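Each chain is listed here by its residues.
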Amino acid sequence: PVTRAIGYMLATDLRRAALSQCSCSPRTPPALAQLRSSRRSGRIVRKMTVSMAVAVDSELKTYTYSQLGPAEVKQLLQRPRIDSVSIMSTVAPIVEQVRLRGDEAVKEYTAKFDNVQLLKVCVPIHELAAPQGLAPEVTAAFDTAYNNIKAFHEAQRTADLEVETMPGVTCRRVTRPISSVGVYVPGGTAVLPSSALMLAVPAGLAGCKTIVLATPPRPDGSITPEVLYCALKAGVTHVLAAGGAQAVAAMAWGTASCPKVDKIAGPGNQFVTAAKMLLQNAEAMVAIDMPAGPSEVLVVADAGANPIHVAADLLSQAEHGPDSQVVLVCLPGTDMSAITREVGRQCDLLPRGETARKALRHSFAVQVASVDEALEFANLYASEHLILNVEDAESWLSRVEHAGSVFLGRWTPESVGDYASGTNHVLPTYGYARMYSGVSLDTFQKKMTVQNLTLEGLQNLGPAVAKMAEVEGLEAHRRAVTLRLGIQ
């Protein structure tokens, strides 16, 4: 399984390399590196507009969409490169050691990576004391988020389906919860108690009997009070005081203290994602919510968009991590220079400004000539978050095909979805929005089909089934029908 996972990720890297046909530094967007490479080799390429003033002010490179050829657009869609092989080679031994040594391995890696000595790895949540000292305004904020997330996900329940496909033949589809699930709440460079709500609330609503919440411990081995508050409120059953690949492996394999889970959901860094992808192909028999990468946002702005608001939206994702990517798409009349100046100004004011600035080095802006071009590029990019800061944004929605979550209009910052609007913030990234959905009630459920035939139903349907089985050469299948009907 390790070899298969590494091979898959290596093949992905090689595919990206073949597309780029060049070496792109983290500070150089792939399309620009392609252009420079083409000039050096003497080949003629279509001119691409790059604003050097923007690069100085905010480190965002700017492109004119109409002047990009198909190959250059493809380069621009590539996310920041991840050294998948190196990451997998680090993660695979951790996963294997947790399988072999369980809690002891989790303690060992937590001491190594987090410098925390754990006394207990995983405990039932009722054994933990309720968090103390949280300010009333803090608990009130999380209570608001809980109520909205619960309301939105509860509304996702669907009735069981029943159809009589022909007389005497009834088919149904029924929903059942996944019995045991693991939810991962990051806690490295930023503590994210909101993720505890985003994951545990729908898991509880789905009816999961066991919900293991894994999160990195504080230096004294305890759990961040805000995370514990959200876990208690959302119905978590066990708390695993560990992060990283060792936590994912503990939930997947099960240990002496940690129940084995059937599915793992939640965001995480590259090592967490690698462990999830590796384990879903291993003998652990565990599913995952989705593959994911660094956080990202694409903002479409028109002439009426406030540059201060647009810049704040871009930085709200850039501050997540140095490997995040933010993209600005500007319609005619948009003051792009004002936006990029504002990005630089606000970035200097942020506590995580240096992190955001690193993300901006592989981010970019695109000038488009029309709504059609804006939507075309947005759908090609398939962003985790898509903000449409445009007039009559609602009219755009029917033409959005690929996005994890969409934010419509002037007054809908991405932050509301991250925290408390009610939608889920665990979303596909890295272009996976083309084929994956974000976490929802369905993430923690499975569907079963049921069929029930009367004698009349089998008499109506049986001859067709018997003939199809005969065509496929499966005699036992045919006889299971004909023996019931007393025919040859």
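Look a little higher up for the structure.
Conventions we followed
Each chain carries its own residue numbering, running from 1 in the direction its sequence is written. Totals for whole chains, interfaces and linings use every residue, but because this is a predicted model, local features are given only for residues with pLDDT of at least 70 and side-chain atom pairs only at 80 or more, for both listing and counting. Hydrogens are left out, water is left out, and the side-chain values use all remaining heavy atoms of the structure. Two strands pair under a simple rule: DSSP has to find at least two bridges between them. Elements are defined by DSSP. Helices are runs of H or I of four residues or more, strands are runs of E of two residues or more, and each kind is numbered from the N terminus. A fitted line through C-alpha atoms serves as each axis, taken over the contacting stretch for helices, and the angle formed by two N-to-C directions is quoted from 0 to 180°. Should any heavy atoms of two residues lie within 4.5 Å, those residues are counted as being in contact. Any Lys or Arg side-chain nitrogen located within 4 Å of an Asp or Glu carboxyl oxygen qualifies as a salt bridge. Three labels apply to residues, based on accessible area from a 1.4 Å probe with only protein chains included: buried if under 20% of the type maximum, exposed if over 50%, partly exposed otherwise in between. By nonpolar core is meant a set of buried Ala, Val, Leu, Ile, Met, Phe, Trp, Tyr and Cys residues that side-chain atoms within 4.5 Å join together.

1. Observations regarding the sheet that holds strand β4 (residues 169-177)
- Taking strand neighbours across the sheet as the criterion, the 3 strands line up as β3-β4-β15 in an open arrangement whose pairing is antiparallel. Two strands close off the open sheet at either side, each with one partner strand: β3 (161-166) and β15 (445-453). Along the sheet, successive strands turn relative to each other by an average axial angle of 20°, direction set aside.
- Packing against the sheet, helix α17 (residues 455-472) makes contact with β3, β4 and β15, and its axis sits at approximately 95° to β15.

2. Brief notes about the pattern of salt bridges
- Inspection of the entire model under this criterion finds 15 salt bridges.
- With a shortest N-O distance of 3.8 Å, Glu354 and Arg361 are connected by a salt bridge.
- Looking at Glu354, the relative accessible area reads 44%, which means it is partly exposed.
- By relative accessible area, which is 22% here, Arg361 ends up partly exposed.
- Of the charged contacts, one joins Asp372 and Arg399 as a salt bridge, the two residues approaching to 2.5 Å between their closest N and O atoms. Taken together, the positions of Asp372 in helix α15 (residues 371-381) and Arg399 in the loop between β13 (385-389) and β14 (405-408) put the pair 27 residues apart, joining distant regions of the chain.
- Overall, Arg399 belongs to the partly exposed group, its relative accessible area being 39%.
- Each of Asp302, Glu391 and Arg410 takes part in a single network of salt bridges with overlapping partners.

3. Examining the nonpolar core
- Residues Val95, Leu240, Met251, Trp253 and Leu279 are the most contacted members of the largest nonpolar core, which totals 41 residues.
- Elements that contribute at least two residues to this core include exactly α5 (84-101), α6 (103-114), β6 (210-214), α10 (244-253) and α11 (270-279).
- Take this core: its biggest share by element is 8 residues, from α10.
- When neighbours within four sequence positions are excluded, Met251 is seen to be in contact with Gly182, Val183, Val212, Ala214, Leu240, Cys258, Pro259, Lys260, Val261 and Ile264.
- Counting residues in each nonpolar core, the second largest holds 38 residues, with Ala145, Met198, Ala206 and Val239 among its members.

4. Quick notes on the sheet that holds strand β10 (residues 296-301)
- Strand order in the open sheet formed by 6 strands is β1-β12-β11-β10-β13-β14, and the pairing between neighbours is parallel. With partners counted over all chains shown, the strands left at the sheet margins are β1 (61-64) and β14, one partner each. Taken pair by pair, the neighbouring strands of this sheet meet at an average axis angle of 15°, ignoring direction.
- Two elements, β10 and strand β11 (residues 325-330), share 6 bridges in a ladder whose sense is parallel. Following the sheet pairing, Val297 is matched in β11 by Val326.
- Seen against the sheet, helix α13 (residues 336-349) touches β1, β11 and β12 (364-367) and runs at an angle of roughly 155° to β11.

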